[in-house]
Every structure is written in C-alpha cells, then in structure tokens.
Amino acid sequence: MQQTLDRTTRAAIDPAISVTSGPRPFVIASRRGSVLKGCLIAVAIMLVLVVGLGIFVAMTWRGFVAGTLKTASIQAINDSSLPQDQKDRLTTRMTGLADDFKSGTLTFEQIAQIMQSVSQSPLIPLATVYAVSSTHIESSALTTEEKAAATRSIGRFARGVVEEKIPATAMDDVLASVTTRRPNGQFEMKQAVTIDELKTFIAAAKAQADDAKIPDEDFQIDIATEVDKVIDRGLQK
C-alpha cells in the first residue's frame, strides 16, 4: 500500500513517472518543468488526502493514515525542484498536519475540508497552464522572441489568478483552445495542438493579464505560500 501511494504521489508531481506500466501520452521536460512540478504539489497533497481518507474509513486507524500522509507528502516535496526554503516550509506544514491528525487535534471533517479546498484551488488548473507552456510552446514553431513573450504573458496571467485580480473562472476561456474537459470537469491537455490554437491560448492569457493591469514583468509562484493559503482556507470552513 505504501509503495503504491508513493508512486501515485510522485506521478502527480512528475508526468514522466507513470502509475501504470502502459505508455505515457507525453513527457514534460523543459526549464519550465520545475514550475509545473511546484504547482502539482497541490495535486499530490490532494491525492494523499483522498487515499488517506479511504484508509481511515476502512480501518479507522489514525496512526497509519497520519504516517502515510507524512511519508508520501514529504517524498513528493523532496522529489520536486522547488527552492530548498519552500521545501522546508512545505515539509513543516505537512508534518504538522499529519501529527495533528494522529493526536486527534485535527478531525476527520477538517481533513475532508482541506481536501476540498485543495481540489478547488486555482493551483491545479494553473498547473495545466504551465503544462501547455512546457509541452507545446517550447517545442512549437514560434520564434525565440514569440516564445519569450508567451512565457511572460502566461506568467502574468498566473500572477493575476494567484493574487485574485483575475477570477479563476477565466481559466475556462484561456484554456479552451488547448484542452478538453473530462466528465468530472477537470481540464485535460490536448496531446496535439495547432499553432493557431496555441496562439489563441497565448492571446487569451495576455488579454486577461492586460485587462487586470498585471505588471509586465517576470513572476514566480511561491508554492509553499499558496499551499499554506489553501490549507488555511480549508481549516476555516
């Protein structure tokens, strides 16, 4: 069970790792991969919580769930390419959650609320935005200057979403040309994207950033801070 959970968590963070033995639809490998891995830590935490809840219902064993949550989350954090200070902060937060759940300070209901908060956070669809950038823009026929401008526009759009100057619902318009929707509402990146679809995606991100008057400068998401916010919102429900 532990090995399966660790592999599932790592798969959520690194698309190059497959949960099954079948072929992978694509592999994200670029200098933007660290941003994608950072965003997908939120997904990994959600997966850990989901599996942990299932085990809790089946076994009613706080210690086991807490240990699994701590071990798998820390492994996912260590495997990421985040700066060390963010890794340390995330490790401290996830360890605290696991220990509080084991001691009974954190209730089953609160864990469920955190899970819901993570699943509804903008970090998950933002991961798709960065995935499109890493997978399709880097390998596209765009010029070097166009790729740089696209990366800047996507970064500005991400900043606007994180700072709540751009509503999360704007994801629908920005991602419409490069994704499809699964039955559960989750975005699924198209494996093949035309240059026109890519330009539509970039233009939509830029338009949202321009309308929100987001500064035209580079931006890097602080994943540890954003995960803290999402967890805190879950605990306040």
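Everything that follows concerns the structure shown earlier in this document.
Cut-off values and rules
- Numbers given for residues are sequential positions, taken from 1 along each chain in its written order.
- Local features in a predicted model are, by the rule used here, given only for residues with pLDDT of at least 70; side-chain atom pairs are given and counted only at 80 or more, and totals for whole chains, interfaces and linings are based on all residues.
- Hydrogens and water are ignored here; the side-chain numbers use all heavy atoms of the structure.
- Helix and strand definitions here come from DSSP, where helices need a minimum of 4 consecutive H or I residues and strands a minimum of 2 consecutive E residues; each element is numbered from the N-terminal end.
- A helix's residues, less one, multiplied by 1.5 Å, set its expected span.
- For the exposure calls, accessible area comes from a 1.4 Å probe over protein chains only, and a residue counts as buried if that area is under 20% of its type's maximum, exposed if over 50%, partly exposed in between.
- In these notes, a set of buried Ala, Val, Leu, Ile, Met, Phe, Trp, Tyr and Cys residues joined through side-chain atoms within 4.5 Å is what counts as a nonpolar core.
- Contacts are residue-level and defined by heavy atoms, with any inter-residue pair within 4.5 Å sufficient.
- Interaxial angle, 0 to 180 degrees, is taken between N-to-C directions of lines fitted to C-alpha atoms, where a helix line uses only the stretch in contact.
- Orientation categories follow fixed angle ranges, with anything under 35 degrees roughly parallel, anything over 145 roughly antiparallel, 65 to 115 roughly perpendicular, and all other angles oblique.
- Handedness of a helix crossing follows the sense of rotation of the near helix relative to the far helix, less than a right angle counterclockwise being left-handed and clockwise being right-handed.
- Classification convention: Asp, Glu, Lys, Arg as charged; Ala, Val, Leu, Ile, Met, Phe, Trp, Tyr, Cys, Pro as nonpolar; all other residues, Gly among them, as polar.
- Any carboxyl oxygen of Asp or Glu within 4 Å of a side-chain nitrogen of Lys or Arg constitutes a salt bridge here.

Asks: Looking at this model, I keep getting lost on helix α7 (residues 123-137). Mind explaining?
Replies: Residues lying three or four places apart along an α-helix face the same way, a consequence of the helix completing one turn every 3.6 residues. Taking 1.5 Å per residue as the helical rise, α7 with its 15 residues ought to reach 21 Å, and the 20 Å between its terminal C-alpha atoms agrees with that figure. Most of α7 is tucked away, with 15 of its 15 residues classed as buried.

Asks: How should I be thinking about the nonpolar core in this particular structure?
Replies: Soluble, globular proteins show a tendency: their nonpolar side chains are buried together. Leu126, Ile137, Phe157, Met171 and Phe201 are the most contacted members of the largest nonpolar core, which has 48 residues in total. In terms of residues, this core owes the most to one element, α7, which gives 7 residues. The residues contacting methionine 171, other than those within four sequence positions of it, are Pro122, Pro125, Leu126, Val129, Phe157, Val161 and Phe187.

Asks: I tried to follow the packing of α7 against helix α10 (residues 195-211) on my own but got confused; where do I start?
Replies: Each pair of packed helices gets described by two things: the angle between the helix axes and the distance between those axes. Relative orientation of the contacting elements α7 and α10 amounts to 140 degrees, with a least axis distance of 12 Å. Between α7 and α10, the crossing angle belongs to the class labelled oblique. The element α7 and its partner α10 pack so that their crossing is left-handed. In this structure, α7 contributes Val129, Val132, His136 and Ile137 to the contact, and α10 contributes Leu198, Phe201 and Ile202. Here the residues of the contact of α7 with α10 sort into 6 nonpolar, 1 polar and no charged.

Asks: Looking at this structure, how should I read the pattern of salt bridges?
Replies: Between side chains of opposite charge, pairing is possible as soon as their charged atoms come close. Counting across every chain of the model gives 14 salt bridges. In this structure, aspartate 216 engages arginine 152 in a salt bridge whose closest nitrogen and oxygen atoms are separated by 3.3 Å. Placement of aspartate 216 in the loop between α10 and α11 (223-236) and of arginine 152 in helix α8 (residues 144-162) is noted, with a sequence separation of 64 residues between them. Since its relative accessible area comes to 28%, arginine 152 is described here as partly exposed. Close ionic contact of aspartate 210 with arginine 156 constitutes a salt bridge, the shortest N to O distance being 3.0 Å. Taken together, the residues aspartate 210 in helix α10 and arginine 156 in helix α8 connect sequence positions 54 residues apart. Taking the relative accessible area as the measure of exposure, arginine 156 reaches 6% and is therefore buried. Here the salt bridges do not stand alone but share partners, grouping Arg159, Glu163, Lys165 and Glu217 into one network.

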